[in-house]
Amino acid sequence: MLNIKDLVVQYPRSSENALDHISLTLEKGDFVCILGKSGAGKSTFIRSINRLHEPTSGQVKWEGMELTTLPEGEMRKIRSEMVMIFQHFNLIPRMTVFQNTLTGSFGRRPAYKNLLGLFSESEKSRGLLALEEVGLEHHANKRVEALSGGQKQRVGIARALLQDPKLLLGDEPVASLDPTTSRRIFGLLKKIHEERELLSIINVHDVHLAKEFATRIIGLRDGRVVFDGKPEEIDERI
Ligand code: ADP
Ligand code: ADP
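Notes on the structure in this doc start here. In this text the structure is predicted, and so the values were computed from the model without any measurement. (Residues numbered from 1 in each chain as written. Chains lettered and ligands numbered in written order. Predicted model: local features only at pLDDT ≥ 70, side-chain atom pairs only at ≥ 80, totals over all residues. Heavy atoms only, no water.)

Some thoughts on the overall build of the protein chain
Argument step 1. Of regular secondary structure, the protein chain possesses eight helices and ten strands.
Argument step 2. For the protein chain, the C-alpha radius of gyration of 18 Å lies close to 18 Å, the compact-globule estimate for 238 residues.
Argument step 3. Along the three orthogonal principal directions, the C-alpha set of the protein chain runs to about 45 × 40 × 35 Å.
Argument step 4. Looking at the protein chain residue by residue over its 238 residues, the buried ones come to 51%.
Argument step 5. Counting only contacts in the protein chain whose residues sit at least 6 apart along the sequence, the fraction spanning at least 24 positions is 70%.
Argument step 6. Counting every atom, the protein chain has about 11700 Å² of accessible surface; 49% of that belongs to carbon and sulfur.
Argument step 7. Positive and negative charge centroids in the protein chain, built from 34 and 32 side chains respectively, lie 5 Å apart. (Helix = DSSP H or I, 4+ residues; strand = E, 2+ residues; numbered from the N terminus. Rg over C-alpha atoms; globule rule 2.2 N^0.38 Å. Buried < 20%, exposed > 50% of the residue type's maximum accessible area, 1.4 Å probe, protein only. Contact = heavy atoms within 4.5 Å. Areas by Shrake-Rupley, 256 points an atom, 1.4 Å probe, with all protein chains shown as cover. Lys, Arg positive; Asp, Glu negative; His and termini not counted. Charge placed at Lys NZ, Arg CZ, Asp CG, Glu CD.)

Remarks on the site of ligand 1
Argument step 1. Taken together, the neighbourhood of ligand 1 is formed by Tyr11, Ala18, Lys37, Ser38, Gly39, Ala40, Gly41, Lys42, Ser43 and Thr44.
Argument step 2. Between ligand 1 and Gly39 there is a distance of 2.7 Å, counted from an oxygen atom to a backbone nitrogen or oxygen.
Argument step 3. Interatomic distance of 3.2 Å between a backbone N/O atom of Ala40 and an oxygen atom of ligand 1.
Argument step 4. In the complex, the protein chains occlude 56% of the 560 Å² of accessible area that ligand 1 would expose alone.
Argument step 5. Here the residues of the shell around ligand 1 are counted per class, giving three nonpolar, five polar and two charged. (Near = heavy atom within 4 Å. Polar contact = N/O pair within 3.5 Å; in protein donor to acceptor, adjacent residues only side chain to side chain. Nonpolar A, V, L, I, M, F, W, Y, C, P; charged D, E, K, R; others polar.)

Observations concerning the nonpolar core
Argument step 1. With 43 residues, the main nonpolar core has Leu131, Val134, Ile157, Phe186 and Leu189 as its most contacted residues.
Argument step 2. Those residues within four positions of Leu131 in sequence are excluded, and the remaining contacts are Val97, Phe98, Thr101, Leu136, Glu137, Ala140 and Ala158.
Argument step 3. Counting 30 residues, the second largest nonpolar core, distinct from the first, contains Leu24, Ile49, Trp62 and Phe86. (Core = buried A, V, L, I, M, F, W, Y, C linked by side-chain atoms within 4.5 Å.)

Some remarks on the site of ligand 2
Argument step 1. Near ligand 2, the surroundings consist of Val134, Gly135, Ser148, Gly150, Arg154, Thr181, Arg184 and Leu188.
Argument step 2. Contacts to ligand 2 include Arg154, whose side-chain N or O atom sits 2.7 Å from an oxygen atom.
Argument step 3. Of all the secondary-structure elements, those providing two or more residues to the shell around ligand 2 are α6 (149–161) and α7 (179–196).
Argument step 4. Among the elements that make up the shell around ligand 2, the one with the highest residue count is α7 (three residues).
Argument step 5. Its residues assigned to classes, the shell around ligand 2 comprises two nonpolar, four polar and two charged.

Thoughts on the sheet that holds strand β4 (residues 57–62)
Argument step 1. One open sheet holds the four strands; their spatial order is β2-β1-β4-β5, and the pairing between them is antiparallel. Across the chains shown, the open sheet's two edge strands, defined by having one partner strand only, are β2 (19–26) and β5 (65–66).
Argument step 2. Here five bridges tie strand β1 (residues 2–9) to β4, and the two strands are oriented antiparallel to one another. When the sheet's bridge partners are listed, Ile4 is paired in β4 with Val60.
Argument step 3. Packing of helix α1 (residues 42–49) onto the sheet brings it into contact with β1, β2 and β4, and relative to β1 it is tilted by some 125 degrees. (Pairing = 2+ DSSP bridges. Axes fitted to C-alpha atoms, helices over the stretch in contact; angles between N-to-C directions.)

Written out as structure tokens, the structure reads:
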């Protein structure tokens, strides 16, 4: 389903490869946690999949389609099935929970409608369903700046759900949350993952979270895969 071959990323003015010839096949249903110390290449890896970062060389095949050579217009369409959840949530602080959630449907609409903020009734009802799915329906009209960290991330997840994802990418989605909230967020992601039969690839610092939730763990060090296996086989020193 996601076939990565010989993926290399080298940042300008850097002598080392941030990703050094990574080859992996990830299947629908996998809940993959990427583990590794800071600087290991986790974020670069996640962002190379949806081409938020352009790989230097190598192939990324999604459902048989080669992404690295796809024109940007085509890539934009594909990106709408690859949702991304961020460490710092990337919400619009002055807008409400509901408005932020609805921006998840922007990828599907012409730009002028986005500017006018016009949302169809069906988009609104899908927005409400997404908020119910993450347990935030009673906070719909609050500004997101008034929410806790865990609640903000749940808005990020609701927004992602509006895109009808097939692939869920998480770039350290719980790195700024406390341990209890982090576990709740992972629990929510796992539930959504299972209900929607996604492929999920999530960067995480905490080996215990990965062991609890992942079906497969990939360990990175210096841009190379140093572990690929089941949670019970993990070497905690990654
Ligand atoms: P992680 O997410 O595991 O912390 P990153 O993917 O952010 O790792 O970084 C991998 C390597 O690439 C590190 O050595 C980092 O310093 C380097 N790197 C990341 N972003 C840039 C950049 N914009 N320019 C140059 N080097 C970068
Ligand atoms: P924080 O701890 O950052 O305030 P939480 O994610 O822990 O945010 O949740 C805040 C409130 O929402 C809690 O009362 C919690 O029980 C409730 N809650 C958390 N996750 C869900 C969910 N998936 N569905 C419904 N309610 C939830």
